[in-house]
Amino acid sequence: HNDVDPFLKEERILLDNITERLGRIIERKNGEEELKVSNQQLVANEQQLRAANQQLTSKTLDLKESENKFHSLISEMSEGVVLHEVIYDKKGKAIDYRIIETNKAFDKILNIKSEDAMGKLSTELYGTVEAPFLDIYAKVAETGNHYEFEQYFPPMKKYFHISVYCPNKGRF
């Protein structure tokens, strides 16, 4: 059995070069196809992201509108509304509470401007040794259970009907 090449040396070199070039062309074509598929996937992903972004933008606008309505309601209602944060000592015992936010009615009912109240401790704001109604407020801020009561507050010489709830732990 004789392994004789039917091509001349120059023809063999030419065929090998052609084969090598065709191989590179095929690889490039395969690469182009892979890129085309990847590009189509990217375009589909971009469309999904745009749709999700549009939906998120819509939901954000709805949330802002709802927040504005809620803020307007709280701000304009005739009942005083105050958000407080319980202050604890190192042992975890409630010792005071800080005024975080108030509405306009708070100003009128207590005759204290919101800007003078916000950020202050209750003992400082009301001029008391102990934080008013601290046991009740701390319990609500810890348990999340709503509580309603009426109480006379001597420093202001006023009766108050107070409804307490916990929007999140440590606050009331």
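Definitions and limits used
- Residues numbered from 1 in each chain as written.
- Predicted model: local features only at pLDDT ≥ 70, side-chain atom pairs only at ≥ 80, totals over all residues.
- Heavy atoms only, no water.
- Helix = DSSP H or I, 4+ residues; strand = E, 2+ residues; numbered from the N terminus.
- Contact = heavy atoms within 4.5 Å.
- Polar contact = N/O pair within 3.5 Å; in protein donor to acceptor, adjacent residues only side chain to side chain.
- Phe/Tyr/Trp six-rings, centres within 6.5 Å; stacked < 30°, edge-to-face > 60°.
- Buried < 20%, exposed > 50% of the residue type's maximum accessible area, 1.4 Å probe, protein only.
- Pairing = 2+ DSSP bridges.

1. Remarks on the environment of Ser114
And step 1. With respect to the helices and strands, the residue Ser114 is situated in helix α3 (residues 114-117).
And step 2. For the pair formed by Ser114 and Asn17, sequence separation is 97 residues and the distance between their alpha carbons is 87 Å.
And step 3. Not counting residues within four places of it along the chain, the set of residues in contact with Ser114 comprises Thr102, Asn103, Phe106 and Asp107.
And step 4. At a separation of 2.6 Å, a polar atom in the side chain of Ser114 contacts the side chain of Asp107.

2. Notes on the packing of aromatic side chains
And step 1. In the structure shown here, the tally under the stated rule is 10 aromatic pairs.
And step 2. Relative to Phe153, the ring of Tyr126 has its centre 5.8 Å away and its plane inclined at 80°; by these criteria the two rings are edge-to-face. Of this pair, Tyr126 sits in helix α4 (residues 122-126) while Phe153 sits in strand β3 (residues 147-153), and the two are 27 residues apart along the sequence. For the pair Tyr126 and Phe153, one class covers both residues: buried.
And step 3. Consider the rings of Tyr147 and Phe149, whose centres lie 5.7 Å apart with planes at 40°: the pair is tilted.
And step 4. Look at Tyr147 and you get partly exposed, because its relative accessible area is 40%.
And step 5. According to the relative accessible area criterion, Phe149 is buried, its value standing at 8%.
And step 6. Among the aromatic residues, those joined into a cluster by ring pairs are Tyr97, Tyr126, Phe133, Tyr137, Tyr147, Phe149, Phe153 and Phe172.

3. A short note on the pairing of β3
And step 1. By the bridge criterion, seven bridges tie β3 to strand β4 (residues 158-164) in an arrangement that is antiparallel. Note on β4: the bridge partner recorded for Phe149 is Ile162.
And step 2. Joining the antiparallel neighbours β3 and β4 is a turn of four residues, in which Lys157 adopts a positive phi near 55°.

Read these as spatial facts, not as claims about activity.
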